[in-house]
Amino acid sequence: MSARRHWGLALSSSMLALGLSACNSLPGRPARADYPLRPSAVTNYSELYNENCAGCHGVDGKFGAAFALNNPVYLGIVDDKRLTNIVARGVDGTAMPPFAASAGGALTDEQIAIIVGGMRKQWARDGAAEGAPSYATNGPGDPAQGTKVFATFCASCHGADGKGGAAPGSIVNGSFLALTSDQDLRAIVIAGRPDLGHPDWKDYLAGEPMTAQQVSDVVAWLASKRPAMPRGASYAQRN
Amino acid sequence: MPLRDWTKAIGDWFELRLGLSSTLSEVAAHPVPRSSASWWYVFGSATFVIFIMQIVTGICLATVYTPSAEGAWSSLIYLNYTQPLGWYLRALHGWGSDFMVGLMFVHMAQVYLFGAYKYPRELTWVAGCVLLLCTLGMAFTGQVLRFDQDAYWGLGIGASIVGRFPFVGFKLVHLILGGPIIAAETLSRFFALHVFVIPGILIGFVALHLFLVLKLGINEYPMPGRIVTREHYLQDYERTVTGDGEPFFPFAAQKDMVFAGIIILALLVVAAISGPFGPNGQPDPTIIKTVPRPDFFFLWLFAVFALLPPWSETFLMLVGPPIVIALLFALPFISGTGEKSWRRRPISVVIVILAFTTIGTLTWLGTFSPWSPKMEAWSEAPTPVDYVKGRTPLELQGAILIQSKQCRNCHALGGEGGMRGPALDDVATRLTPDQIVRQIIQGGGNMPAYGKNLSPAEVNAIVAFLNTMHPRSELGARNSVKPEQPISDVDSHHSPAQ
């Protein structure tokens, strides 16, 4: 064989090798990430959160129309069992839907556990809720006491009667209250909404954090403004 | 004996018996009009070359593909992820199909505009029409073989068109699907069609088509004013070819080869960059969460479905396509003689432009998938942050309900969401609160009525939120009877006792 032929052989085989190795990096090659998974086989936290929760609770748990889950105080007072229960069963009478397959939702129990764990990993902070009132109310609140609590802690932003002030709109609006559970009101009062500038339990008054009883009282006061309405009454029936 | 002599001896042995090379060289050297060696005349041969590629890649795919309901999807996954370069094979075959359909339409438009279907080439045109139908049939059956969720779309829509036929509709659907629903039998049926029946017909008609092209000669480049008549055309053509003819090979064929080369290269590159089609989610009726989309060349059909008024659908679906197809076949018998040049046939030019723009526009509309709600928008597409900041608690509840009642699946906010209904970003500039209430309660115009499924509080919240949907600089629409009533009072207007 002549030297020239050797060169040709070497050149063409190296071209071939190059070509073959390039094939693996062609843009059209289906990526592992594109592998079509069954919806029930998705185990990636961000994918699960973004597909199921971001619509209402916001991207990254902030600036959604519903309660901001990216809230270390909130995650500090609520335990995994309660979180799991809310996500799995939803909140009756509100727009929070049940997600567990057993309750008519589209997620497996494993996926719900991944979401709950993921939220904690991403957004919880140790000690953020130290000394905070408990998640569950310990005893019924007193609406009459609540009026005073409101005047002390809330009126500066929500106006003397709660119908609006520095903060936009009324928090005693009947329709708003009809669509919101007491537990959600409690969560707002204790944990606030850092994304929208709502204070949490220790920030309303400098040096005077709200006590558990005060929280229960002000929530009871708000709840007393909720109109008595038959559950499930439809607009059409009423008019 | 040296190697070269051996091969020559073997070649001669066959040549003596078959006489192939003399026939071939005769065919290759047959004279064609000088004017027909034009860049306009390259689309037919390019379509043919892609067809050959489809056969080759198709056979390769058939060695791996399993035509069973369980096996089909996994064999494509195997090709995509396990078999080295299996994905590329699938990409070539899938894109090849798009290329072939596209080239065929261009070829057809060119033949039509250059009057090449006129006397004596009517039969060539008719064979071409059969090829057109077969190629579309291949494209359709091919996407069914993918047997993923998208394939369901194509099939479902096809079956629903066929099912509209009066009296025999149900029987026809049964025949096509191999049962009342899409199932394993459906796949076997489409596999047989895609791999045996239609390709068989295609090869036969390609042969006839090519034979006719050779026999009747390539159409000369039409000259305005040169009229085709049954009496003179053959002699005229003969004279052109003998006087001013050139051998087909290499004179005319070189442009064909250059163009086919470019097309093949383009196909190789597009397939490498864009990759194979699907398969997306496996076909499993227990998976509710699907967003199936039809293949590219059926998008326009879906757009038609979405845009046609419902009462006209059945009529147009059943009567339209047969008329168009009949007209195509009848064309050379309607205008078989006369002027060939498109310069003197303005109506033909208009028809081609109309056909291409209509299909183009419909396809473009189809890519927005306005016909189908976006099933995940309600839990996936966040309320735009600007619509959350500074809103009252009641308005925020309204924003949540727009999600939870799945209005977002049909209505976009901030560009995200379904397109069945109008985007709601500036709905308050169009409708007064009362009109919004009416639309939600009573529905109408393809929107379901929500009256029975919403509580008074929910309606109040939604209306309060939608009422903020106007540009800051612009006021919302007001009720002209009570213009003094400020918009923000809508709440006290409708809400239950506070």
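Residues numbered from 1 in each chain as written. Chains lettered and ligands numbered in written order. Predicted model: local features only at pLDDT ≥ 70, side-chain atom pairs only at ≥ 80, totals over all residues. Heavy atoms only, no water.

A. Expanded view of the overall build of chain B. Check the secondary structure of chain B and you find 20 helices and four strands. Within the span of chain B, comprising 498 residues, buried residues form 48% of the whole. Restricting the contact set of chain B to residue pairs at least 6 apart, pairs at least 24 apart contribute 79%. (Helix = DSSP H or I, 4+ residues; strand = E, 2+ residues; numbered from the N terminus. Buried < 20%, exposed > 50% of the residue type's maximum accessible area, 1.4 Å probe, protein only. Contact = heavy atoms within 4.5 Å.)

B. Region of the structure containing the overall build of chain A. Counting its regular elements, chain A contains twelve helices and zero strands. The helix and strand sequence of chain A, counted from the amino end, reads α-α-α-α-α-α-α-α-α-α-α-α. Residues counted as buried form 42% of the 239 residues belonging to chain A. Considering only intrachain contacts with a sequence separation of at least 6, the fraction spanning at least 24 residues in chain A is 64%. Of the accessible surface of chain A, which amounts to about 12,500 Å², a share of 57% is contributed by carbon and sulfur atoms. (Areas by Shrake-Rupley, 256 points an atom, 1.4 Å probe, with all protein chains shown as cover.)

C. Here's a closer look at the pattern of salt bridges. Residues and elements named next belong to chain B. For the structure shown, the criterion picks out 14 salt bridges over all chains. In this structure, the salt-bridge partner of Lys-8 is Asp-12, at a minimum N-O distance of 3.0 Å. You can see Lys-8 and its partner Asp-12 sitting in helix α1 (residues 3–18), four residues apart, about one turn around the helix. The class of Lys-8 is exposed, set by a relative accessible area of 53%. By relative accessible area, Asp-12 is classed as partly exposed at 40%. A salt bridge links Arg-230 to Glu-122, with the shortest nitrogen-to-oxygen separation between them at 3.8 Å. With a gap of 108 residues between them, Arg-230 in the loop between β2 (227–228) and α10 (233–244) and Glu-122 in helix α6 (residues 122–145) connect regions that are remote in the sequence. (Salt bridge = Lys/Arg side-chain N within 4 Å of Asp/Glu carboxyl O.)

D. The arrangement of the packing of aromatic side chains in detail. Residue and element names in this part refer to chain B. Here the structure, examined in full by the defined rule, presents 21 aromatic pairs over all chains. Linked through ring pairs, Trp-40, Tyr-41, Phe-114 and Tyr-221 together constitute an aromatic cluster. The ring of Tyr-237 has Arg-121 sitting right over it, with the charged end atom 5.2 Å from the ring centre. Over the face of the ring belonging to Tyr-112 we find Arg-345, whose NZ or CZ atom lies 5.4 Å from the ring centre. (Phe/Tyr/Trp six-rings, centres within 6.5 Å; stacked < 30°, edge-to-face > 60°. Lys NZ or Arg CZ within 6 Å of the ring centre and 35° of its normal.)

E. View of the packing of helix α4 (residues 71–81) of chain B against helix α5 (residues 86–113) of chain B. All names here are of chain B. Closest axis-to-axis distance for the α4/α5 pair is 5 Å, and the angle between their directions is 110°. By the angle between their axes, α4 is roughly perpendicular relative to α5. Touching Leu-76, Leu-79 and Asn-80 of α4 are Gly-86, Trp-87 and Arg-90, all from α5. Among the residues forming the contact of α4 with α5, the class breakdown is three nonpolar, two polar and one charged. (Axes fitted to C-alpha atoms, helices over the stretch in contact; angles between N-to-C directions. Parallel < 35°, antiparallel > 145°, perpendicular 65-115°, else oblique. Nonpolar A, V, L, I, M, F, W, Y, C, P; charged D, E, K, R; others polar.)

F. Local environment of the environment of Gly-281 of chain B. Looking at the element boundaries, Gly-281 of chain B is found in the loop between α11 (248–274) and α12 (299–307). Since its relative accessible area comes to 13%, Gly-281 of chain B is described here as buried.

G. Quick look at the domain arrangement of chain A. Residues and elements named next belong to chain A. Domains assigned within chain A are domain 1 (39–123) and domain 2 (143–223). Here the C-alpha centre of domain 2 lies 24 Å away from the C-alpha centre of domain 1. With 15 residues of domain 1 at the contact, the number on the domain 2 side is 15 residues. For the pair domain 1 and domain 2, the two sides together bury roughly 1,000 Å², of which 67% comes from carbon and sulfur. (Domains from an automatic or database assignment. Buried area = accessible area lost by both parts, 1.4 Å probe.)

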